2 protein chains.
Amino acid sequence: MAEKVTIATVAARAQVSRQTVSNVLNSPQLVREETRRRVEEAIATLGYRINQAARQMRTGRSQLLAVRIEPTRDGINGSVLDRFLHGLTFAAAAAGYRVMLYTADDDGDEIKTFDNLLASYDLDGFVLTGTDHGDVRTFWLAERGVQFVTFGRPWDEPERHSWVDVDNADGTAQATRRLIDTGHRRIGFIGWPSGSGVGDDRREGWQRTMKAHDLDPTGLDRGAADGIAQGAECARDLLTTAEPPTAFVCASDSLALGALQAAGGRTAVIGFDDTPVAQAIGLTSVSQPLPEAAARCIDLLIDHLDGHPVGTTQVLLEPSLMIRTTA
Amino acid sequence: MAEKVTIATVAARAQVSRQTVSNVLNSPQLVREETRRRVEEAIATLGYRINQAARQMRTGRSQLLAVRIEPTRDGINGSVLDRFLHGLTFAAAAAGYRVMLYTADDDGDEIKTFDNLLASYDLDGFVLTGTDHGDVRTFWLAERGVQFVTFGRPWDEPERHSWVDVDNADGTAQATRRLIDTGHRRIGFIGWPSGSGVGDDRREGWQRTMKAHDLDPTGLDRGAADGIAQGAECARDLLTTAEPPTAFVCASDSLALGALQAAGGRTAVIGFDDTPVAQAIGLTSVSQPLPEAAARCIDLLIDHLDGHPVGTTQVLLEPSLMIRTTA
DNA sequence: CTTTCGACTTTGAACGTTCAAGACCGTGAG
DNA sequence: CTCACGGTCTTGAACGTTCAAAGTCGAAAG
């Protein structure tokens, strides 16, 4: 086993003091060019790597970010988180941070976990997903001055904290436009009951686009909990009206899948989230730019951590339509 | 902001020395009952939480485990990792450990990451997924005395290290038996080209079960890379033979989905992995007990970390058949 | 009565880093 | 000539924990 290489080893080798090595690492502008090179060379030849624990003890910063991993909820939408996580981990590593996972049963439990992680591991920040109206977690964190960024905006008060989100309305608008372009005039929307920020946003994109093309959305709109059965139910309901729609825009791939089954291939269907299921069965779906969203979350969080705390920043990303066989 | 609570704060409050508090935490049997209670009370009322960084600096242990998160490969099977990760995080937390993520492009890159993580964060152990024949990663880790457990066995030499795996052959055997029980006699197998441990194991379960029921598997077997198109291809190929099969056992849900499309509902199909796609479209599929697998990985790893290093341990778990509409 | 022992507790040092303070040196202003 | 100054580098202390060693005390043994 090779000897442990510390800052002192490097210092001895480069004939400087510990502090100078530390300065080369953290404030290179304080060190003379030639000295810096000598130290850097020593670091390279010795293979020195900074000891995070020791640094953390002094500075109180751990270079660690945390994200909650949820149990795959309804099975079909869980993969969104999976891809997002990969993006986060990748972007964080590029910035010298690492991502730690935690689980929680509910918001209260999650707050307890915040407390633990902060006390024991000195976490630098959190990335929260799936924010609700009046999210207690964000208040708790803000109160304690803990940095965080959410993926998903706070619907009640947009500028309360920094966030990254995908323009849901634009996604359904693109979907609706696609259907109009391919000749559809009666386009139904199958979404969630109103009250959820994301759901309402997705509905609004459809509605807005219909009106913009002088199409009347009245009565073409159904809402139910997320799920394949619910999607089928809504589709059947709409298909038995006097003037049934010829196409559906859906708020999720689950609902879309249900609609697809209920309609038996007679109507065009577009889903939302571009899950593996959509890719597998050829469902046209709105795709969120998850790697980019993750990267922007990390950017924002690190901006805050590095102390550019001038207010909050919001990032809204455009989704894109993955055109396959169902529309 | 409340004052920082350290071991010294607790010690003062409980009228004992730092070391005694430390002992209550780490070796309670050394401390007199009454003292222990006094200290525990002080810990509780002060809300003391141990500082991992400081502990780690002294002991060299971080209570951190690492897992690689892969980019969702072909989109359809990625969710396996997702569920496994959740299980890991949950089980680790219960044992006082946390899970850290990292990404890597290939095995070489992953080894570089090992090195970094070990040097900077003093990681305690790794959970590896998707081991290949002659996996370089496991040799690298073993050489350095780093603890790890793999999810997936080393096919060349089973007892080289500890692992947890699911009995793939048993999964396809269950699937085949189910088809036989429901009256099928000519049952085809669509898998991967031979050479991959997992793939060969899954093929073997089918073959063995066919023979055990006096059914001849000859010529009922196709292999291709994983994917929906490939599954469809194989199914079409088998269906155009002189005596076409009436049912398919497939090595993955992707292949199964292809087979399903190619057969147009005329044959029974069983997939493998019970992905969200299977749940969504009603595909009967072999389900791996992922939460349990994850928990056993953590158990094994922690056993090693706590220094019960008497050889290696292997755990083989039984999958279960999720019966839906396709078989 | 002294010694030994064991159960329990305390003390000082150390882990590797960065902060705060200060030392050194050559330059230019007064 | 003196002094202040900026640039560069060094020193001692501190972060919160645990290790190693030593101290205290009462009971049992000689």
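Conventions adopted
- Residues numbered from 1 in each chain as written.
- Chains lettered and ligands numbered in written order.
- Predicted model: local features only at pLDDT ≥ 70, side-chain atom pairs only at ≥ 80, totals over all residues.
- Heavy atoms only, no water.
- Buried < 20%, exposed > 50% of the residue type's maximum accessible area, 1.4 Å probe, protein only.
- Helix = DSSP H or I, 4+ residues; strand = E, 2+ residues; numbered from the N terminus.
- Pairing = 2+ DSSP bridges.
- Expected span 1.5 Å × (residues − 1).
- Contact = heavy atoms within 4.5 Å.
- Buried area = accessible area lost by both parts, 1.4 Å probe.
- Salt bridge = Lys/Arg side-chain N within 4 Å of Asp/Glu carboxyl O.
- Polar contact = N/O pair within 3.5 Å; in protein donor to acceptor, adjacent residues only side chain to side chain.

Going by what an unreviewed UniProt entry lists, chain A is known as Transcriptional regulator, LacI family and is assigned to Asanoa ishikariensis.

Undergrad: Help me understand the pairing of strand E1 (residues 64–68) of chain A in this model?
TA: Residue and element names in this part refer to chain A. Of all five residues that make up E1, five are buried, and the element is covered over most of its length. Judged from the five bridges that link them, E1 and strand E2 (residues 98–102) form a sheet pairing that is parallel. Each residue of the ladder has a partner; that of Leu-64, found in E2, is Arg-98. The sheet contact formed by E1 and strand E3 (residues 125–129) spans three bridges and is parallel. Bridge pairing in E3 places Ala-66 opposite Phe-126.

Undergrad: Even after reading the chapter, I still don't get helix H8 (residues 168–181) of chain A, so can you show me in this structure?
TA: In an α-helix there are 3.6 residues to a turn, and that puts residues three or four apart on one side. Residues and elements named next belong to chain A. The end-to-end C-alpha distance of H8, which contains 14 residues, comes to 20 Å, matching closely the 20 Å that a straight helix rising 1.5 Å per residue would cover. Taken across its 14 residues, H8 has ten buried, putting it largely inside the fold. Among the residues of H8, Asn-168, Ala-169, Asp-170, Gly-171, Thr-172, Ala-173, Ala-175, Thr-176, Leu-179 and Ile-180 are the ones counted as buried.

Undergrad: What's the story with the interface of chain B and chain A in this structure? I'm lost.
TA: Listed per partner, the contact involves 49 residues of chain B and 49 residues of chain A. Contact between chain B and chain A buries roughly 4100 Å² in total, counting both sides, with carbon and sulfur atoms accounting for 60%. The interface formed by chain B and chain A holds two salt bridges in total. As a salt-bridge pair, B:Arg49 and A:Asp115 come within 3.2 Å of each other at their nearest N and O atoms. Of all the secondary-structure elements, those providing two or more residues to the side of chain B that touches chain A are helix H4 (52–59), helix H5 (78–94), strand E2 (98–102), helix H6 (107–121), helix H11 (253–263) and helix H12 (276–281) of chain B. Both E2(A) and E2(B) contribute to a ladder of three bridges, which runs antiparallel. Note on E2(B): the bridge partner recorded for A:Val99 is B:Leu101.

Undergrad: Just to check I follow, could you spell out helix H11 (residues 253–263) of chain A for this structure?
TA: Residues and elements named next belong to chain A. Burial of H11 is extensive: ten of the eleven residues sit out of reach of the surface. The set of residues buried in H11 consists of Asp-253, Ser-254, Leu-255, Ala-256, Leu-257, Gly-258, Ala-259, Leu-260, Ala-262 and Ala-263. The N-cap residue of H11 is Ser-252: its side-chain oxygen and the backbone nitrogen of Ser-254 are 3.3 Å apart. The positive-phi residue at the C-terminal boundary of H11 is Gly-264, with phi of around 60°.

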